[in-house]
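Descriptive structure summary
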Amino acid sequence: MEKLKQSLFNILFYIVVIALIIITGTLVFFAVLKLNVYAAEEHPEKSMCIVIDAGHGGEDGGAQSADGVAEKGINLNIARYTRDFLVLSGYEVKMTREDDTPMGDTSLPTLAERRRSDFAERLKLFNSDNTDIAISIHQNKFTEPQYSGAQVFYSPNNAESGKLAECIRSSVTGLIQPQNKRQNKESGSEIYLLYNCKKPCVLVECGFLSNPDEAALLNTEEYQKQLAFAICCAVLDYTGGGRAPAGNYAVVHNKTEIS
Ligand SMILES: [Zn+2]
């Protein structure tokens, strides 16, 4: 009898111990879960989203140098290098185009309609809720060949755009174009994307294709990377730094052929 009592007591004891372990474990699990939710609310892990727009594309080559190099290819290369630097700095990057294909509906019957559709799609991405900054990459052209150097245009409809433009001007001139004295310029309605963008938004004319020396420079991988690096530094300056990359990111150097 005494033995049976002892056995029953032992069984009861183990049941109580196991129940206590389960209850404690459950409480700790939910406490940790709650803490994590709280931490996520307090410190959202979302990276800032930068839209990089490689100007022109497809049948729209943009400006052209005297020896026939089209703006669209240089824009795309600089845009891709900028994307790579920004992603490595912890930003989320969205591109308006990753290759020689414009964003709009290419099946539309007239060139004017196709271009309107392209601009509308790019603007949609510029103004999307997720976008924090939009940067459009272009090359300049003028009737006289002597002009050179980058110039940054900013949106008149977003007060922050001028500050972003100044960060880019200062970075580009400080790092690679010390002789460049060009001032930033507010865009008019003729620069559709800037004029209609509600987010901090700039258009960077990286240099002049009408200047043979600068056109040759703009067509080199090294200079394109320098420009991309300067733009990335400006974004870091403007935003106060990116975030650590969320995962492994392999930078793909799939250089586009310049046509
Ligand atoms: Zn252009």
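Residues numbered from 1 in each chain as written. Predicted model: local features only at pLDDT ≥ 70, side-chain atom pairs only at ≥ 80, totals over all residues.

1. Brief notes about the overall build of the protein
- When its secondary structure is counted, the protein shows seven helices and six strands.
- In sequence order, the protein lays out its α and β elements as α-β-α-β-α-β-β-α-β-α-β-α-α.
- Burial status across the protein gives 37% buried among its 259 residues.
- Pairs at least 24 residues apart make up 77% of the contacts formed inside the protein by residues separated by at least 6 positions. (Helix = DSSP H or I, 4+ residues; strand = E, 2+ residues; numbered from the N terminus. Buried ≥ 20, exposed ≤ 12 C-beta atoms within 10 Å, placed from the backbone. Contact = placed C-beta atoms within 7 Å.)

2. As for the nonpolar core
- Core analysis: the largest hydrophobic core is formed by 52 residues, its most contacted members being I50, I135, I168, V202, V204 and I231.
- If sequence neighbours within four positions are ignored, I50 has contacts with L86, Y91, V93, D132, I133, I135 and V235. (Core = buried A, V, L, I, M, F, W, Y, C linked by C-beta atoms within 7 Å.)

3. Remarks on unusual backbone geometry
- At H56, a position not held by glycine, the phi torsion is positive, near 65°.
- With respect to the helices and strands, the residue H56 is situated in the loop between β1 (49-54) and α2 (71-88).

4. With respect to the sheet that holds β1
- On the basis of which strands lie adjacent, the open sheet formed by six strands has the order β2-β1-β3-β6-β4-β5 and mixed pairing. This sheet does not close on itself; its edge strands, each paired only once, are β2 (92-95) and β5 (185-186).
- Bridge count for strand β4 (residues 151-154) against β5 is two bridges, and the pairing is parallel. Paired with Y154 across the two strands is E186, which belongs to β5.
- Set on the sheet, helix α3 (residues 111-126) makes contact with β1, β2, β3 (133-140) and β6 (201-208); between it and β1 the angle comes to about 160°. (Pairing = 2+ DSSP bridges. Axes fitted to C-alpha atoms, helices over the stretch in contact; angles between N-to-C directions.)

5. As for the packing of helix α4 (residues 159-175) against helix α7 (residues 221-239)
- Between α4 and α7, the shortest axis-to-axis distance is 8 Å and the interhelical angle comes to 135°. Taken together, the axes of α4 and α7 lie oblique to each other. As for how α4 packs across α7, the hand of that crossing is right-handed. Contact residues: α4 offers K163, L164, C167, I168, S171, V172 and L175, while α7 offers A230, I231, C233, A234, D237 and Y238.
- The residue makeup of the contact of α4 with α7, split by class, is 10 nonpolar, one polar and two charged. (Parallel < 35°, antiparallel > 145°, perpendicular 65-115°, else oblique. Left-handed = near helix turned anticlockwise from the far one by under 90°. Nonpolar A, V, L, I, M, F, W, Y, C, P; charged D, E, K, R; others polar.)

6. Points about the packing of α2 against α7
- For the pair α2 and α7, interaxial distance at closest approach is 8 Å and the crossing angle is 45°. One element, α2, and the other, α7, form an angle in the oblique class. Taken as a pair, α2 and α7 cross one another with a handedness that is right-handed. Of the residues in α7, those in contact with I74, N77, I78, Y81, T82, F85 and L86 of α2 are Q224, K225, L227, A228, F229, I231, C232 and V235.
- The class makeup of the residues in the contact of α2 with α7 is 11 nonpolar, three polar and one charged.

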